[in-house]
Amino acid sequence: MSFEIRKIVSYVEETFIEGGKATDTPVTMVGLAVVIKNPWLGRGFVEDLKPEIRANCSDLGALMVERLVAAIGGAEKIEAYGKAAVVGADGEIEHASAVIHTLRFGNHYREAVKAKSYLSFTNKRGGPGTSIQIPMMHKDDEGLRSHYITLEMQIEDAPRADEIVVVLGCADGGRLHPRIGNRYIDLEELAAEKAQ
């Protein structure tokens, strides 16, 4: 069995100027969304979501990672990553969560980019054209604030009430001109202040 896919949508964003200042190295962010029919809908309250997770999530993860990696030009280019899911109005948030919050889905991405950090995420309910935010962080170091970025996209006709939009996001860099330091610098400063 596999999820019924209605459409696959890719979104690419390249940023060249931030804060009025140009960069020599633009940052590319890519979102890849798959619109699937909600397999739990119309069955009442489903106690055990795992049969569909086991049957479908690994194949979906593999498909999405392959396409996302190709869209950005190779796994070695990915520095930041994240995931999201939006369930249609007739579904439960748990249905969206069931697809993306399983190692059967996420491990394809972590292994492809040799990541150490967990995949940041959002999951929510929405209708066609709802804003989809994909929060990202550095694939190897969740403390690097330079890579705390969010890709925002939408699909005009999804999710329908009986669908789930499943999304992976990536970037080949962080924000263009990061200037707020990282959590390690904060820890050092706080320790120094306490020592005074």
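Definitions and limits used
- Residues numbered from 1 in each chain as written.
- Predicted model: local features only at pLDDT ≥ 70, side-chain atom pairs only at ≥ 80, totals over all residues.
- Heavy atoms only, no water.
- Helix = DSSP H or I, 4+ residues; strand = E, 2+ residues; numbered from the N terminus.
- Buried < 20%, exposed > 50% of the residue type's maximum accessible area, 1.4 Å probe, protein only.
- Contact = heavy atoms within 4.5 Å.
- Polar contact = N/O pair within 3.5 Å; in protein donor to acceptor, adjacent residues only side chain to side chain.
- Core = buried A, V, L, I, M, F, W, Y, C linked by side-chain atoms within 4.5 Å.
- Pairing = 2+ DSSP bridges.
- Phe/Tyr/Trp six-rings, centres within 6.5 Å; stacked < 30°, edge-to-face > 60°.

- As named in an unreviewed UniProt entry, the chain is Amino acid synthesis family protein, taken from Pseudomonas ekonensis.

### Topic: the environment of N38
- By the element assignment, N38 lies in the loop between strand 2 (21-37) and helix 1 (50-72).
- On the basis of relative accessibility, which here comes to 3%, the residue N38 falls in the buried class.
- For the pair N38 and E163, spaced 125 residues apart in sequence, the C-alpha to C-alpha distance is 4.8 Å.
- If we skip the residues at most four places from it in the chain, N38 touches V87, G91, H95, D162, E163 and I164.
- Within the local environment of N38, its side chain forms a polar contact with the backbone nitrogen of W40, the two atoms lying 2.9 Å apart.

### A word on the environment of F16
- Its location among the elements puts F16 in strand 1 (residues 5-18).
- Spatially, the C-alpha atoms of F16 and V27 are 7.1 Å apart, while their sequence positions differ by 11 residues.
- For F16, the contacting residues outside a window of four places in its chain are K21, A22, T23, P26 and L176.

### Describing the nonpolar core
- Ranked by internal contacts, the top residues of the largest apolar core, which has 34 residues, are V99, Y109 and V166.
- Taken together, the elements giving at least two residues each to this core come down to strand 2, helix 1, strand 3 (80-87), helix 2 (93-100), helix 3 (103-112) and strand 7 (163-171).
- Ranked by the residues each element gives to this core, the list is headed by helix 1, at 8 residues.

### Brief notes about the pairing of strand 2
- Alignment of strand 1 against strand 2, held across 12 bridges, turns out to be antiparallel. By the bridge assignment for strand 2, V9 is matched with A33.
- Turn length for the strand 1-strand 2 hairpin, with the two strands adjacent in sequence and antiparallel, is 2 residues, and the turn residue G19 shows positive phi of about 65°.
- Direction of pairing for strand 2 relative to strand 7: antiparallel, over a ladder of 9 bridges. Across the sheet, residue K37 finds its bridge partner in strand 7, namely E163.

### Some details on the packing of aromatic side chains
- What the rule picks out here adds up to 1 aromatic pair.
- When the ring of Y81 is compared with that of Y109, the centres are 5.1 Å apart and the planes differ by 70°; the resulting orientation is edge-to-face. Of the two residues, Y81 sits in strand 3 while Y109 sits in helix 3, which places them 28 residues apart along the sequence.
- Given the relative accessible area of 1%, Y109 is considered buried.

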